[in-house]
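# Structural overview
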Amino acid sequence: MAPASDRPALTPDTLRELAFDQSIRWTSQNDDLWQLIDNDLWALTRNPSLILSTVPEQKLEALLRRVDCHRLVDGIVKARQARLEQPTWFASQQYGERLARVAYFSMEYMLSEALPIYSGGLGNVAGDQLKAASDLGVPVTAVGMLWQHGYFRQSIGPDGRQQALYPVNDTRQMPIEPLHDASGAPLRLAIQLPGLQIWLRGWQARVGLNRLLLLDTNDPANPPMARLIASELYGGDNEMRLRQELVLGIGGWRLLEAAGLQPDVLHLNDGHAAFAVLERARSHMARERVSFAVALNATRAGNLFTTHTPVEAGFDRFPPELVSQYLERYAEYELGISMQTLLAMGRKQPQDTREPFNMAYLATRGAGAVNAVSQLHGHTSRYIFRELYPRWPLEAVPVGHVTNGIHLPTWVSPDAEAHWYELHGDEIPWRGTDASSVDELLARVDDRWLWQIRQHARNELLGFVRSHLARSLAVHGASPAEIEVAGSRLHPEHLTLGFARRFASYKRPNLLLQDPERLARILCHPTYPVQLLVAGKAHPADRAGQALLSDWQRFAARPDIAGRVVFLEDYDMRIARHMVQGVDVWLNTPRRPWEASGTSGMKVLANGGLNLSQLDGWWAEAYAADLGWAVGDGLEHPAEHDAVDAEQLYALLETQVIPSFYARDTEGLPTAWVQRMRRSMSALVERFSADRTVREYTERYYLPMATTFRRRCAEGSALASELAHQLTCLRSYWHELAFSGVQWTCENGQLQVDVRLHLGHLEPRQIAVQLYAEGRGEAPAEVHPLTLVEHDGAFASYHGHLPADRSATDYTARVVPGSQLGLSVPLELALIHWQR
Ligand SMILES: *Cc1c(COP(=O)(O)O)cnc(C)c1O
């Protein structure tokens, strides 16, 4: 019998198509489907491709013949189809003419539990932005590594110590498929390591409209050393890291091209993949038959570098000898430059041959724009990168910022979403429609409704915690009696705090433990009890982090704590999802300014959770007194100051958070608390969504960068060649610049200035002469251009006038490279010459 519509009948392949799409939202509908097929496997793994590879084909076919299942699948397929076909933001703005494609490179991606190729924050940023790009219709192709073992898995033994485990990721049970070349054969790419060629294999995962291409080195034709390159994320020694970054950067760009893609913009999510800058230039050289310098000038305009660390120690650095060993032939034979020239790109002091090769410097020198991931991180990063721009004022260091956001459909509780859906259908703002705002949504529900959703979510979380805990206990050989009572002290009505993050010292996971007795009193208060859920991994090489982890184990095991603290082992996306959906308050206590952005706190917002956090990263720009709580004074302090922060944290809990949670009206509603939930959701949900982040990247970076890139490439890279010529010229003759006179006069209440400049071999059109004054108070620094009035031989005269509200001594004349050719100064050329 033919199906009623002209759609193809539903088959196991339909399910496969759904399973392979990482952008499938975590709606209750999807939950229902996979639960129906295999409830247990779904609860444990959330991996649809695993379920499909496990359940027999006949069973799937039989299920699809059932009316309920058929209707469910049909609904999901139609909804997905409608989503994929609906006009996107990007298309409706007609941006497609200006931007064909963005290539996004990242060492890790956190897309779903089914694809464990991530460690934490960096992968979260990449995964959520990739999903948001699909929702918005921004054409992004992501490139990453297919880590055979992913990041380590954590097991915590009865002794409270962390064990690092490395189970294998089975490619047949992940939502990926091999990439094929034009002839249909599996794609294999060669890259050169010293003295040998190794093979890379290509895979792809679907993320809605976009794809994630993955590289793997586990080709039997490779020597074992090479097969292990894609083994462990953030594992191995420095040389292994270099090999990984060569594969990702150079191999990654080749993979894109082998897949037939020609992106305008290359977006580096952190510096790990910075070698892609070289390979992109090499490919341009070969295609356009130009020199490396010209190719770099052309392609650099389309390279965006997003930096993620707030400390210099966070950058990957390699000994110059090691880099030479791997790249000398590539530099000389492929790029046509000396190894010293290549090494200089990764150095603060290009001439210092002992200086290590820094991937963040390579990324910066190869970029047409650089950005940090929060406003505060922008400040911190300008400070860190200042030495690449000697004699430039700090505020001119060319690092902007785009604050991170999270992909709401991934992190909003499916239950809560189902409730919202009942009331408002598709008008929920995070379902990809612009139909309504969070404010409109909130205006339509009363406090009771909101509070019920919150209570329900907390209860769901506690159910998850109990089963997770029971499994952990069973794995570690606990008795049936112990397993039976696991988590039984958790109470569905008690204030529930969540704290989950990497156990790195700067995150200060032990801040709450500074005074264990006080924490114990807070938790065990007879009338206002509190429960605390903790999770997090410490890198296997980080002893200090592991000690902090053991401290928490000991504390949680104290008999007087009586199960009010639960440590959930093996923090990953699944645990994070449950936690952010259910907790009342999310705690975060990094040492300012070490949290570049942080995203976990954003995940609780739409779920009605509140934040209590250090004024660092995103919270430094999000916090307001009526929507959350803040620790710290907004300044930076050494470790000795921790006790002060801890005191403030305890006091906030004791005097504000806990009383507010337990202050109930006659109907049992915590009205002040719910008010705070409303404020937090209304002010922050949309602002800290990946949707907003990706729109910002697109409009402020991708589009203008694509335009500049295309302009530089036009007519056989004519502009790029001219730029290369100009850069050489400016660098050669800059030292000849000299001020020979700066004269100030005051006329009609205006300051007049006449400047005489020795130009040497330079032409006026190659430079810009300016007056500079530092900012006063809150006001930014002032830069005033001067006009050329006369040019004779090696000299030129300039004139300018200013309002006389500042004294002439506030101003200093300076010369910078001219902007006429569209050069980004000082990013692409950091020359500057000051009057004094
Ligand atoms: C969101 C998330 C992170 C990032 O958390 P931060 O505390 O903001 O660094 C790390 N790991 C997992 C599993 C996450 O879900």
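Rules behind the numbers
Along each chain, residue indices are assigned from 1 in the same order as the chain's sequence is written. For a predicted model such as this one, the threshold for reporting local features is a pLDDT of at least 70, and the threshold for listing and counting side-chain atom pairs is 80 or more; totals across whole chains, interfaces and linings nevertheless cover every residue. To obtain the side-chain values, all non-hydrogen atoms of the structure were included, while hydrogens and water were left out. UniProt positions are given in the numbering used here, feature names are shortened, and annotations may be inferred rather than shown by experiment. Only protein chains enter the accessibility calculation, which uses a 1.4 Å probe; a residue is then buried when its area is under 20% of its type maximum, exposed when over 50%, and partly exposed in between. Starting at the N terminus, helices and strands are each numbered in turn, a helix being any DSSP run of H or I of at least four residues and a strand any DSSP run of E of at least two. Only when DSSP finds a minimum of two bridges between them are two strands counted as paired. Contacts described as polar in this section are N or O atom pairs within 3.5 Å, which, within protein, must combine one atom able to donate a hydrogen with one able to accept it, while residues neighboring in sequence count only if both atoms come from side chains. The contact definition used throughout considers only heavy atoms, calling two residues in contact when any of these lie within 4.5 Å. Basic side-chain nitrogens of Lys or Arg form a salt bridge, by our definition, when they fall within 4 Å of a carboxyl oxygen of Asp or Glu. Simply put, an axis is a line fit to the C-alpha atoms, just over the touching stretch for a helix, and the angle between two N-to-C directions goes from 0 to 180 degrees. Small angles under 35 degrees read as roughly parallel and large ones over 145 as roughly antiparallel, with 65 to 115 read as roughly perpendicular and the rest as oblique. Take the far helix as the reference: if the near one is turned anticlockwise from it by less than a right angle, the crossing is left-handed, and if turned clockwise, right-handed. Under the convention adopted here, Pro, Cys and the residues Ala, Val, Leu, Ile, Met, Phe, Trp and Tyr are nonpolar, Asp, Glu, Lys and Arg are charged, and Gly plus all remaining residues are polar.

- As annotated in an unreviewed UniProt entry, the protein is Alpha-glucan family phosphorylase from Stutzerimonas frequens.
- One UniProt comment on the protein, placed under Sequence similarities (unreviewed entry), says "Belongs to the glycogen phosphorylase family."
- In its Catalytic activity (unreviewed entry) section, the UniProt entry covering the protein states "[(1->4)-alpha-D-glucosyl](n) + phosphate = [(1->4)-alpha-D-glucosyl](n-1) + alpha-D-glucose 1-phosphate".

### Some words on the pairing of strand S9 (residues 265-269)
- By the criterion of burial, S9 is predominantly enclosed, with five of the five residues buried.
- Burial of the side chains of S9 extends over both faces: Val-265, His-267 and Asn-269 are buried on one face and Leu-266 and Leu-268 on the other.
- Of the strand pairs in this sheet, strand S1 (residues 102-105) and S9 are connected by four bridges, and their pairing is parallel. By the bridge assignment for S9, Tyr-104 is matched with His-267.

### A word on the side chain of Gln-752
- Examined against the element boundaries, Gln-752 turns out to sit in strand S22 (residues 750-758).
- Here His-799 takes part through its side chain, which lies 3.0 Å from a polar atom of the side chain of Gln-752.
- Residues within four places of Gln-752 in sequence aside, it is in contact with Gln-743, Trp-744, Thr-745, Glu-747, His-799, Gly-800 and His-801.

### What to know about the pairing of strand S8 (residues 210-216)
- Of all seven residues in S8, six are buried, a share of seventy percent or more.
- In the sheet, strand S2 (residues 140-145) pairs with S8 via five bridges, with the strands oriented parallel. Pairing of Val-143 across the sheet is with Leu-213, part of S8.
- Examined bridge by bridge, strand S7 (residues 196-207) and S8 share seven bridges and lie antiparallel to one another. Looking across to S8, one finds that Val-207 is bridged to Asn-210.
- Linking S7 to S8, which pair antiparallel, is a turn of two residues; within it Gly-208 sits at a positive phi near 60 degrees.

### Quick notes on the pattern of salt bridges
- The final tally for this structure, using the stated rule, is 46 salt bridges.
- Taking the shortest distance from any N to any O, the salt bridge between Arg-188 and Asp-219 comes out at 2.9 Å. One end of the pair, Arg-188, is in strand S6 (residues 188-193); the other, Asp-219, is in the loop between S8 and helix H8 (224-227), with 31 residues separating them in the sequence.
- For Arg-188, a relative accessible area of 39% translates into the label partly exposed.
- The partner of Arg-282 in a salt bridge is Glu-279, and the shortest N-O contact between them spans 2.8 Å. Here the residue Arg-282 and the residue Glu-279 both occupy positions in helix H10 (residues 275-288), the gap between them amounting to three residues, near one helical turn. Each member of the pair, Arg-282 together with Glu-279, is buried.
- A single network of salt bridges, built from pairs that share partners, joins Arg-254, Glu-279, Arg-282 and Glu-334.

### Some points on the packing of helix H21 (residues 516-523) against helix H26 (residues 642-662)
- Interaxial distance between H21 and H26 falls to 11 Å at its minimum, and their mutual angle equals 15 degrees. Taken together, H21 and H26 sit at an angle that is classed as roughly parallel. The handedness of the crossing between H21 and H26 comes out as left-handed. Note on element contacts: H26 touches H21 through Glu-647, Tyr-650, Ala-651, Leu-653, Glu-654 and Ile-658, opposite Arg-518, Leu-519 and Ile-522.
- The residue makeup of the contact of H21 with H26, split by class, is six nonpolar, no polar and three charged.

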